[in-house]
Amino acid sequence: MAWNDWIRTVEIEPSLYAADFAQLGDQIDVLMRAGVRIFHFDTGDGHFVEPVTIGPIVLQSISAAIHEAGGYIDCHLMTEHPEKHFAAFAKAGGDSVTVHYEACDDLPAVVRAARVQELQVGLAFKPETSAAYAAEAALASRVDIVLCMSIEPGYSGQEFMPEALDRIRTVRSIIPADMHIQVDGGIGPENIRAVYDAGATLFVAGSSIFGREDLPRAYRRLLQELT
């Protein structure tokens, strides 16, 4: 299965980094019952980004339940040398790994290493990185998705950077139509439509879902903004 098989026109991806870990399994179950298909799983190594976040042990504890319910797990590796972790993420149940343009000296080799593990591959880039350079690298290395960060990677709850809209448009003008654009950071009902209109189809949502009391309602509200 590949990204194009997972995506139903658009997908809202709850970011598990923002979940209540005392209720993680229950929150995943509630959201899947509400219609969520793809969960976003952030890993930070304390080097590429300052925080040390969740990793394969947590992923392994939730992956079977997500897969049994027909879902997928999109792993965003905010790490140096991400290829060192591919085998562990594949074994723990990850379906896709997204690596950072800034962390890969040999991006084609990194992509090949992910394919060996039968993982889908995304390419992320930070706000200060040239969107055109990242898009060209994505095209040359044949990744599956491009992740345009609309915040500085590493911390949940930051505000959306409006200038990300121009970066999304730039990427969309370079990559083919079947290569999806994902946006991560500050996505909420007040801006998701503009992000979609700029060319994105995958929307990572952390606090705008997990920061609300009614998780299904928060998820559905984001979807409604796209209809």
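This report concerns the structure included in the present document. Quick caveat, the model's predicted, so the values are computed rather than measured.

1. Quick look at the pattern of salt bridges
Thinking step 1. With the rule as written, the count across this model stands at five salt bridges.
Thinking step 2. Of the charged contacts in the structure, one is a salt bridge between R8 and E11, with a shortest N-O distance of 2.8 Å.
Thinking step 3. Residue E11 is classed as buried on the basis of its relative accessible area, which comes to 1%.
Thinking step 4. With its nearest N and O atoms 2.6 Å apart, the salt bridge here joins R169 to D166. With R169 and D166 both in helix α7 (residues 164–174) and three residues apart, this pair spans about one turn of that helix.

2. Quick notes on the side chain of K126
Thinking step 1. Looking at the element boundaries, K126 is found in the loop between β5 (120–125) and α6 (131–141).
Thinking step 2. When neighbours within four sequence positions are excluded, K126 is seen to be in contact with F48, H100, E102, M149 and P153.

3. A word on the packing of aromatic side chains
Thinking step 1. Tallied over the full model, the rule gives three aromatic pairs.
Thinking step 2. Relative to W6, the ring of W3 has its centre 4.8 Å away and its plane inclined at 55°; by these criteria the two rings are tilted. Here the residue W3 and the residue W6 both occupy positions in helix α1 (residues 3–6), the gap between them amounting to three residues, near one helical turn.
Thinking step 3. On the basis of relative accessibility, which here comes to 1%, the residue W3 falls in the buried class.
Thinking step 4. Taken together, a centroid distance of 4.6 Å and an interplanar angle of 20° make the contact between W6 and Y72 stacked. Here Y72 lies in strand β3 (residues 72–78) and W6 lies in helix α1, a separation of 66 residues in the sequence. Just as W6 is buried, Y72 falls in that class too.

4. What about helix α3 (residues 56–68)?
Thinking step 1. Along its 13 residues, α3 runs 18 Å from first to last C-alpha, staying within 8% of the 18 Å computed at 1.5 Å per residue.
Thinking step 2. Its maximal kink placed at I62, α3 deviates by approximately 40°.
Thinking step 3. Restricting attention to buried positions, one finds in α3 the residues L59, I62, S63 and I66.
Thinking step 4. Along its buried surface, α3 packs onto α2 (24–34), β2 (38–44), β3 and α4 (86–92).
Thinking step 5. Of the residues one or two after α3, G70 is the one with positive phi, at around 90°.

5. Brief notes about the environment of G44
Thinking step 1. Inspection of the secondary structure puts G44 in strand β2.
Thinking step 2. Overall, G44 belongs to the buried group, its relative accessible area being 5%.
Thinking step 3. Between the alpha carbons of G44 and I54 there is a distance of 7.3 Å; along the sequence they are 10 residues apart.

Rules and cut-offs
- Residues numbered from 1 in each chain as written.
- Predicted model: local features only at pLDDT ≥ 70, side-chain atom pairs only at ≥ 80, totals over all residues.
- Heavy atoms only, no water.
- Salt bridge = Lys/Arg side-chain N within 4 Å of Asp/Glu carboxyl O.
- Buried < 20%, exposed > 50% of the residue type's maximum accessible area, 1.4 Å probe, protein only.
- Helix = DSSP H or I, 4+ residues; strand = E, 2+ residues; numbered from the N terminus.
- Contact = heavy atoms within 4.5 Å.
- Phe/Tyr/Trp six-rings, centres within 6.5 Å; stacked < 30°, edge-to-face > 60°.
- Expected span 1.5 Å × (residues − 1).
- Bend = angle between axes of the 7 residues up to and from the residue.

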